[in-house]
Amino acid sequence: MKNILVPVDFSENAQQAFAYAIELGELIKAQVKVIYFCRPVVDASKGTPIEDIQVLVAQKEKELTNFVNGDLS
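Described below are features of the structure shown in this document.

1. Digging into the overall build of the chain
- If you tally the helices and strands in the chain, you get two helices and two strands.
- Across the chain, helices and strands are ordered from the amino to the carboxyl terminus as β-α-β-α.
- Within the chain, the proportion of its 73 residues that are buried is 15%.
- With the model as given, the accessible surface of the chain reaches about 5800 Å², and the carbon-plus-sulfur share is 56%.

Spelled out as structure tokens, the structure:
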């Protein structure tokens with residue numbers, strides 16, 4: 001199985017790279033996978049409540065879904 005991994009940051013360049021990957025994937029019959037990585041900023045003296053991290057993850061998952069579906073508003 002062929003795979004194309006596309007790291008994105010929700011920028012215009014990432015949109016273009018994703019569109020290219022989709023076209024290339026269709027041409028070579030590869031599955032396109034999209035990944036977004038974020039590292040939460042943590043104040044070591046206070047810690048970050050796990051709820052805050054879960055909210056961040058949920059927000060970024062929604063943004064990634066919207067990105068893949070072409071809903072960039």
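2. Topic: the nonpolar core
- Core analysis: the biggest nonpolar cluster contains nine residues, these being Ile4, Val6, Val8, Phe10, Ala14, Phe18, Ala21, Ala30 and Phe67.
- Among the elements of the structure, β1 (3-7) and α1 (12-28) are those that each provide at least two residues to this core.
- Considering each element in turn, this core owes the most residues, three residues, to α1.
- With residues near it in sequence (within four places) discarded, Ala21 still touches Ile4, Val6 and Val32.

3. Considering the packing of aromatic side chains
- Taken as a whole and judged by the stated rule, the model has three aromatic pairs.
- Consider the rings of Phe18 and Phe67, whose centres lie 5.6 Å apart with planes at 50°: the pair is tilted. Here Phe18, found in helix α1, pairs with Phe67, found in helix α2 (residues 50-68); they are 49 residues apart in sequence, far enough to count as distant.
- Accessibility expressed as a relative area gives 4% for Phe67, which makes it buried.
- One aromatic cluster is present, formed by Phe10, Phe18, Tyr36 and Phe67 through successive ring pairs.

4. Some points on the pairing of β1
- Here β1 shows a buried face lined by Ile4 and Val6 and an unburied face lined by Asn3, Leu5 and Pro7.
- In the sheet, β1 pairs with strand β2 (residues 31-35) via five bridges, with the strands oriented parallel. If you follow Asn3 over to β2, its bridge partner there is Gln31.
- Between the parallel pair β1 and β2, the chain is carried across by α1, and the sense of this crossover is right-handed.

5. A few points about the environment of Ile53
- As for its placement among the helices and strands, Ile53 is situated in helix α2.
- By relative accessible area, which is 24% here, Ile53 ends up partly exposed.

How each quantity is defined
- Residues numbered from 1 in each chain as written.
- Predicted model: local features only at pLDDT ≥ 70, side-chain atom pairs only at ≥ 80, totals over all residues.
- Heavy atoms only, no water.
- Helix = DSSP H or I, 4+ residues; strand = E, 2+ residues; numbered from the N terminus.
- Buried < 20%, exposed > 50% of the residue type's maximum accessible area, 1.4 Å probe, protein only.
- Areas by Shrake-Rupley, 256 points an atom, 1.4 Å probe, with all protein chains shown as cover.
- Core = buried A, V, L, I, M, F, W, Y, C linked by side-chain atoms within 4.5 Å.
- Contact = heavy atoms within 4.5 Å.
- Phe/Tyr/Trp six-rings, centres within 6.5 Å; stacked < 30°, edge-to-face > 60°.
- Pairing = 2+ DSSP bridges.
- Right-handed = clockwise from strand over helix to strand, strands pointing away.

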